[in-house]
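# Structural features, examined
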Amino acid sequence: MREPKRDFKRLTTDDINRLLASCPEDVAPVVMFALMTGLRKNNILRLQWWQVNLNDKAVYIPASEHKSKDHVTCHLSDEAVQLLQHQLNNKCSDFVFVNVLGKQMRDIKCEPWKAIVKKAKLEGLRFHDLRHVWATQHIQQGTELMALKE
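Residues numbered from 1 in each chain as written. Predicted model: local features only at pLDDT ≥ 70, side-chain atom pairs only at ≥ 80, totals over all residues. Heavy atoms only, no water.

## Some remarks on the overall build of the protein
In terms of helices and strands, the protein carries seven helices and three strands. Counting every position in the protein, which comprises 150 residues, the buried fraction comes to 41%. Within the protein, counting contacts between residues at least 6 apart in sequence, those at least 24 apart form 59% of the total. Of the roughly 9,800 Å² that the protein leaves accessible, carbon and sulfur atoms contribute 51%. (Helix = DSSP H or I, 4+ residues; strand = E, 2+ residues; numbered from the N terminus. Buried < 20%, exposed > 50% of the residue type's maximum accessible area, 1.4 Å probe, protein only. Contact = heavy atoms within 4.5 Å. Areas by Shrake-Rupley, 256 points an atom, 1.4 Å probe, with all protein chains shown as cover.)

Take a look at the structure:
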């Protein structure tokens, strides 16, 4: 059965700033990275340092970890590289994004996420919507659909 189509929230710069300000300190970098890369939540939370190449400005998602079952190379903006550099400076794990205890962040659970979006006055925003926001920003900046798809 097909999942029903659902509108996603378009976020303004003010919305994004409120969202980031509403996030706990260990969640904010995850949200920022999602907005910078368009990667899925699980690919971000499972990202390990061996998958990151800051010199080439890329992260590698192996086929076994990606929904499409294809290997994916995600090219990074300078801002995303800076965010990862900051994470690297605080490295305490093989995982890029860790919780306040320095352990792998397993998930951003439904209830804490709802509290974040409620505090940001963005009720109904799903984490996956951040992927759509990233794609929409690319389209608005002139990225061709086929390039974005790849």
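Read on, since the account is not over.
## Looking at the pattern of salt bridges
With the rule as written, the count across this model stands at five salt bridges. Put simply, Asp 78 and Lys 57 hold a salt bridge, and the shortest N to O gap is 2.3 Å. A residue pair is termed long-range when its members are at least 10 positions apart, and Asp 78 in helix 4 (residues 78–89) and Lys 57 in the loop between strand 1 (52–53) and strand 2 (58–61) qualify at 21 residues. Looking at Lys 57, the relative accessible area reads 35%, which means it is partly exposed. As a salt-bridge pair, Arg 126 and Asp 129 come within 2.8 Å of each other at their nearest N and O atoms. Asp 129 gets classed as buried once you look at its relative accessible area, which sits at 0%. (Salt bridge = Lys/Arg side-chain N within 4 Å of Asp/Glu carboxyl O.)

## Details of the layout of surface pockets
There is about 320 Å³ of room inside the second largest pocket. If you go around the second largest pocket, you meet 20 residues; those closest to its centre are Glu 25, Pro 29, Gln 87, Asn 90 and Val 98. Put simply, the parts of the chain that give the lining of the second largest pocket at least two residues each are helix 2 (28–37) and helix 4. Residues of the lining of the second largest pocket, tallied by class, amount to eleven nonpolar, six polar and three charged. (1 Å grid on protein atoms, 1.4 Å probe; cavity = no way out; pocket = protein on both sides within 12 Å on 5 of 7 lines; lining within 4 Å. Points joined across faces, edges and corners; volume = space filled by probe spheres on them. Nonpolar A, V, L, I, M, F, W, Y, C, P; charged D, E, K, R; others polar.)

## A short note on the nonpolar core
If you look at the biggest cluster of nonpolar residues, it comprises 40 residues, and the most contacted ones within it are Leu 19, Phe 33, Leu 84, Trp 113 and Leu 130. Going through the elements one at a time, helix 1 (13–22), helix 2, helix 3 (41–45), strand 2, strand 3 (72–75), helix 4, helix 5 (110–119) and helix 6 (129–140) are the ones with two or more residues in this core. Broken down by element, this core gets its largest block of residues, six residues, from helix 2. Sequence-distant contacts of Leu 84, defined by excluding residues within four places in its chain, comprise Phe 33, Trp 49, Val 52, Leu 54, Val 59, Leu 76, Val 96 and Phe 97. (Core = buried A, V, L, I, M, F, W, Y, C linked by side-chain atoms within 4.5 Å.)

## Considering the packing of helix 2 against helix 4
One can describe the packing of helix 2 onto helix 4 by two numbers: an axis separation of 10 Å at closest approach and a directional angle of 155°. As far as their axial angle goes, helix 4 and helix 2 are roughly antiparallel. The element helix 2 and its partner helix 4 pack so that their crossing is left-handed. For the pair helix 2 and helix 4, contact is made by Pro 29, Met 32, Phe 33 and Met 36 and by Glu 79, Ala 80, Leu 83, Leu 84 and Gln 87, respectively. Here the contact of helix 2 with helix 4 is built from residues that sort into seven nonpolar, one polar and one charged. (Axes fitted to C-alpha atoms, helices over the stretch in contact; angles between N-to-C directions. Parallel < 35°, antiparallel > 145°, perpendicular 65-115°, else oblique. Left-handed = near helix turned anticlockwise from the far one by under 90°.)

## Let's talk about the sheet that holds strand 1
Taking strand neighbours across the sheet as the criterion, the three strands line up as 1-2-3 in an open arrangement whose pairing is antiparallel. Looking at which strands have only one partner, the edges of the open sheet turn out to be strand 1 and strand 3. (Pairing = 2+ DSSP bridges.)

## Here we look at the environment of Ser 22
Examined against the element boundaries, Ser 22 turns out to sit in helix 1. Spatially, the C-alpha atom of Ser 22 lies 8.8 Å from that of Lys 118, the residues being 96 residues apart in sequence. Ignoring anything within four residues of it in the chain, the contact list for Ser 22 reads Ile 116, Lys 119 and Ala 120. Within polar-contact distance, the side chain of Ser 22 engages the backbone oxygen of Arg 18 at 2.8 Å. (Polar contact = N/O pair within 3.5 Å; in protein donor to acceptor, adjacent residues only side chain to side chain.)

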